[in-house]
Amino acid sequence: MTLYLVLYKIKSLKTRRNLNTLPDKQTVVTIGTFDGVHIGHQKIIKRLINTGKEEGLQSVILAFFPHPRMVLQKDSNIKLINTINERHNILYNLGLDYLVIKKFTQEFSRLSAEDFVKEILVDKLNAKKVIIGYDHRFGRNRNADINDLKTFGETYGFEVEEISAQDINDVAVSSTKIRTALIAGEIHKANAYLGYNFMLTGKVKKGKGLGKELGFPTANIEIEEDYKIIPKQGSYIVSSLIKDKLVYGMMNIGMNPTVNGSRQTIEVHFFDFDEDIYEDTIKIDLLHRIRDEEKFESVEALKGQLAKDKDTALEYISNQNAE
């Protein structure tokens, strides 16, 4: 059975494939999807990183992609909070050594618990210690638990550290709650759960030029990853770091009903910014939601509302920067 692994060496941002083991040292590993890398995840990850530093081990997250629900539940319409690259960058900033992405397939889901431990944790990841939640289940039909993992640890020479129910429940947050908040347009709630601003990352493409005609030229953002969750349609206040410059703006997610748009677009009007960024890939941080998308009686009415939105955004940004 071929086990495809993509390993991101966080510190050097190098990618390697089909590794037999990680280089240099033994590792401390935790396992999970870690979609969102939210404040609950961060608590576990910091524990992982600190353990690695204290015990001279390289810190490793073993994550799965696609999300297991996408593979095992064919009718699942789950969308993910982060793309792989976004997740990688967040973990880089936290100080993780390695992110290993295991391709999740039907074949992999049938791997026995012991084969998973031996072939991946031991042979490929060189695990000396595994930090895992008290309720973690793994292996074919998820029939193995933390007690089985501890038994395997005795057999294969690694230690298992349990994350208690209290530690997990102390942070009342989940990726599901964040997705629910985003779909509802509750961006402040989502950002509070994440511990950072929710982001959209995409390439700037030329649009129809309507924004420019209205006096609000926009960058049209195309997101390649169709699994990425898109928040509720409407107007948002956003920021972006473009060519080392922090730029604010307002973004519309929607169908452009006033001009009879036929597909959803993501368009950003940046304030005090007039550089050519076509074909650049940029990251947009969502700060605040202004309003729902509306169909206006005329293009002039839309233009008037955009002016009001800009005033709202500038006031919000001014107040935030004054704090």
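Since this is a predicted model, take the numbers as computed values, not measurements.

Novice: I keep staring at the overall build of the protein chain and nothing clicks. Help me out?
Specialist: For the protein chain, the helix and strand inventory stands at 11 helices and 13 strands. When the backbone C-alpha atoms are referred to their principal axes, the protein chain occupies close to 75 × 45 × 35 Å. Relative to its full complement of 323 residues, the protein chain shows a buried share of 49%. Contacts spanning at least 24 positions in sequence make up 73% of the contacts within the protein chain whose residues lie at least 6 apart. Here the protein chain holds 45 positive side-chain charges and 45 negative ones, and the gap between their average locations is 3 Å.

Novice: What's the story with the pattern of salt bridges in this structure? I'm lost.
Specialist: Close approach of charged atoms lets side chains of opposite charge pair. Taken as a whole and judged by the stated rule, the model has 16 salt bridges. Note that Arg179 is salt-bridged to Asp35, the shortest N-O span being 2.9 Å. Placement of the pair is Arg179 in helix α8 (residues 175-183) and Asp35 in the loop between β3 (27-31) and α1 (39-55), with a sequence separation of 144 residues. Note on Arg179: relative accessible area 10%, which makes it buried. Here Asp35 falls in the buried class, since its relative accessible area comes to 2%.

Novice: Quick question: what am I supposed to make of the side chain of Lys129 here?
Specialist: Examined against the element boundaries, Lys129 turns out to sit in strand β6 (residues 127-133). According to the relative accessible area criterion, Lys129 is buried, its value standing at 5%. At a separation of 2.9 Å, a polar atom in the side chain of Lys129 contacts the side chain of Glu55. Among residues more than four places away in sequence, those in contact with Lys129 are Thr27, Val28, Val29, Thr51, Glu55, Leu57, Phe158, Glu159 and Glu161.

Novice: Hey, could you run me through the nonpolar core in this one?
Specialist: Nonpolar side chains in soluble globular proteins generally cluster together in the buried interior. Ile61, Phe198, Met251, Phe270 and Leu286 are the most contacted members of the largest nonpolar core, which totals 50 residues. Residue contributions to this core peak at four residues, all from α1. Excluding residues within four positions of it along the chain, Leu286 makes contact with Ile187, Asn191, Asn197, Phe198, Leu200, Pro231, Tyr236, Ile237, Val238 and Met251. Phe64, Ala113, Leu121 and Phe138 belong to the second largest nonpolar core, which has 28 residues in total.

Novice: It is not clear to me how the packing of α8 against helix α9 (residues 187-194) should be interpreted in this structure. Could you clarify?
Specialist: Two quantities define a packed helix pair, namely the angle between the axes and the distance from one axis to the other. α9 packs onto α8 with a crossing angle of 155° between their chain directions and a minimal axis gap of 8 Å. In terms of orientation, α8 lies roughly antiparallel with respect to α9. Remark: the crossing between α8 and α9 carries left-handed chirality. Along the contact surface, α8 presents Lys177, Ile178, Ala181 and Leu182, while α9 presents Ile187, Lys189, Ala190, Tyr193 and Leu194. Along the lines of polarity and charge, the residues of the contact of α8 with α9 split into seven nonpolar, no polar and two charged.

Conventions used here
- Residues numbered from 1 in each chain as written.
- Predicted model: local features only at pLDDT ≥ 70, side-chain atom pairs only at ≥ 80, totals over all residues.
- Heavy atoms only, no water.
- Helix = DSSP H or I, 4+ residues; strand = E, 2+ residues; numbered from the N terminus.
- Buried < 20%, exposed > 50% of the residue type's maximum accessible area, 1.4 Å probe, protein only.
- Contact = heavy atoms within 4.5 Å.
- Lys, Arg positive; Asp, Glu negative; His and termini not counted.
- Charge placed at Lys NZ, Arg CZ, Asp CG, Glu CD.
- Salt bridge = Lys/Arg side-chain N within 4 Å of Asp/Glu carboxyl O.
- Polar contact = N/O pair within 3.5 Å; in protein donor to acceptor, adjacent residues only side chain to side chain.
- Core = buried A, V, L, I, M, F, W, Y, C linked by side-chain atoms within 4.5 Å.
- Axes fitted to C-alpha atoms, helices over the stretch in contact; angles between N-to-C directions.
- Parallel < 35°, antiparallel > 145°, perpendicular 65-115°, else oblique.
- Left-handed = near helix turned anticlockwise from the far one by under 90°.
- Nonpolar A, V, L, I, M, F, W, Y, C, P; charged D, E, K, R; others polar.

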